[in-house]
Amino acid sequence: DDWLALKPQEPSPSQCCGSGCKPCIYDVYEKELAQWERAKAKQDKSFLMEKKEQSNNSELNPDTFTAFNISSVEQLTEDTYQYKFELPGNSSLRLSLGQHIVLRGVVNGLEVQRAYTPISPGNAEGYFEVLMKHGELLMLASGTGLAPMLPILRSITDDEDDETFVTLVGCFRTFDKIYLKPLLQDLARYWNIRIFYVLSRETSLEKLPWSYQENTYTGRLNEDLMKMIINSCRRRPFVLICGSSAFNEDMSRYLKAAGIEESSCFVF
């Protein structure tokens, strides 16, 4: 059991950015798995702490990830941020012209990685900087109002360069009335997609599958729940609404109460 707890976890397809990175997250996994297998065969956990040889002219190593601290984050536009990372001492990345780096981190509990080209000079000492663009969408769908949301979600997940964060709130009468459960569960595995369910005629979550209980609410999507969801977003989202006329009117009213301007909403 101790060894199984130390075994590297195989990445999911959504964790790979598809850019041909060297190393790819799968390359890193294979190396870590081989290291774990050697350690297990020898029953010596010290093998898991092996130091990989670092390059002499750079703080980066093409065969492994190195941790750096973020020293500052500057918002440049509504959805664009400049991240500054610390390098030890006066060291430098010493990248070639046009060369990119791969950043890895945890978002929504899922480990993801993306390729970025630093905007700082290649010989900058003690730091490097990258630009990241993050949009935010909030989708409010009732029943078949889910339909127009799906192509938008697909376009985001199919584009490896699209880093838009999406929160989809699907409102249905009961758990059995949720449309396209397998598709929605697959979409929810992406690092930038969150899906909540609001079930108006369910009184308890105990009979629901455990994988749905954490992100499902009973009753109706009301003003308080709307404020809670909006506050959980990283920034003020642009909102898409689709449902019955009564649903659309209620959502527009709740959004206004939560401080979302009409210009930041689109009703199908």
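In this report, we go over the structure that sits alongside the text. (Residues numbered from 1 in each chain as written. Predicted model: local features only at pLDDT ≥ 70, side-chain atom pairs only at ≥ 80, totals over all residues. Heavy atoms only, no water.)

On to helix H2 (residues 25–42), then. Taking 1.5 Å of rise per residue, 18 residues should cover 26 Å, and H2 covers 26 Å from first to last C-alpha, within 8% of that figure. Backbone geometry just after H2 places Gln 43 at a positive phi near 55°. (Helix = DSSP H or I, 4+ residues; strand = E, 2+ residues; numbered from the N terminus. Expected span 1.5 Å × (residues − 1).)

What follows deals with the packing of aromatic side chains. On inspection of all chains with the given rule, the structure shows eight aromatic pairs. Measuring from centroid to centroid gives 5.4 Å for Phe 165 and Trp 191, while their planes differ by 85°, and the two rings are edge-to-face. Taken together, the residues Phe 165 in strand E7 (residues 165–172) and Trp 191 in the loop between helix H4 (181–187) and strand E8 (193–199) connect sequence positions 26 residues apart. The class for Phe 165 is buried, based on a relative accessible area of 5%. Grouped by ring-pair contacts, the aromatic residues Phe 68, Phe 85 and Phe 128 constitute a single cluster. A cation over a ring is seen here: Arg 234 above Phe 165, with NZ or CZ 3.8 Å from the ring centre. (Phe/Tyr/Trp six-rings, centres within 6.5 Å; stacked < 30°, edge-to-face > 60°. Buried < 20%, exposed > 50% of the residue type's maximum accessible area, 1.4 Å probe, protein only. Lys NZ or Arg CZ within 6 Å of the ring centre and 35° of its normal.)

Moving on, we get to the pairing of strand E2 (residues 80–86). Along E2, five of the seven residues are buried, which leaves the element largely enclosed by surrounding structure. Pairing geometry for strand E1 (residues 70–75) and E2, over five bridges, is antiparallel. Bridge pairing links Gln 75 to Tyr 81 in E2. Between E1 and E2, which pair antiparallel and follow one another directly, the connecting turn spans four residues. (Pairing = 2+ DSSP bridges.)

Our next topic: the environment of Leu 150. The residue Leu 150 is located in helix H3 (residues 149–158) in this model. On the basis of relative accessible area, Leu 150 is assigned to the buried category, the value being 12%. With 37 residues separating them along the chain, Leu 150 and Leu 187 place their C-alpha atoms 9.6 Å apart. With near-sequence residues (within four places) excluded, Leu 150 lies in contact with Leu 180, Leu 183, Leu 184 and Leu 187. (Contact = heavy atoms within 4.5 Å.)

Turning our eyes to something else, we now look at the sheet that holds strand E6 (residues 136–142). Here we have six strands laid out as an open sheet, ordered E9-E8-E7-E6-E10-E11, and parallel in their pairing. Only two strands of the sheet have a single neighbouring strand rather than two, namely strand E9 (216–218) and strand E11 (265–267). Recorded for the sheet is a direction-independent mean angle of 15° between the axes of neighbouring strands. Here E8 pairs with E9 via three bridges, running parallel. Considered in E9, the bridge of Leu 199 is made with Thr 218. (Axes fitted to C-alpha atoms, helices over the stretch in contact; angles between N-to-C directions.)

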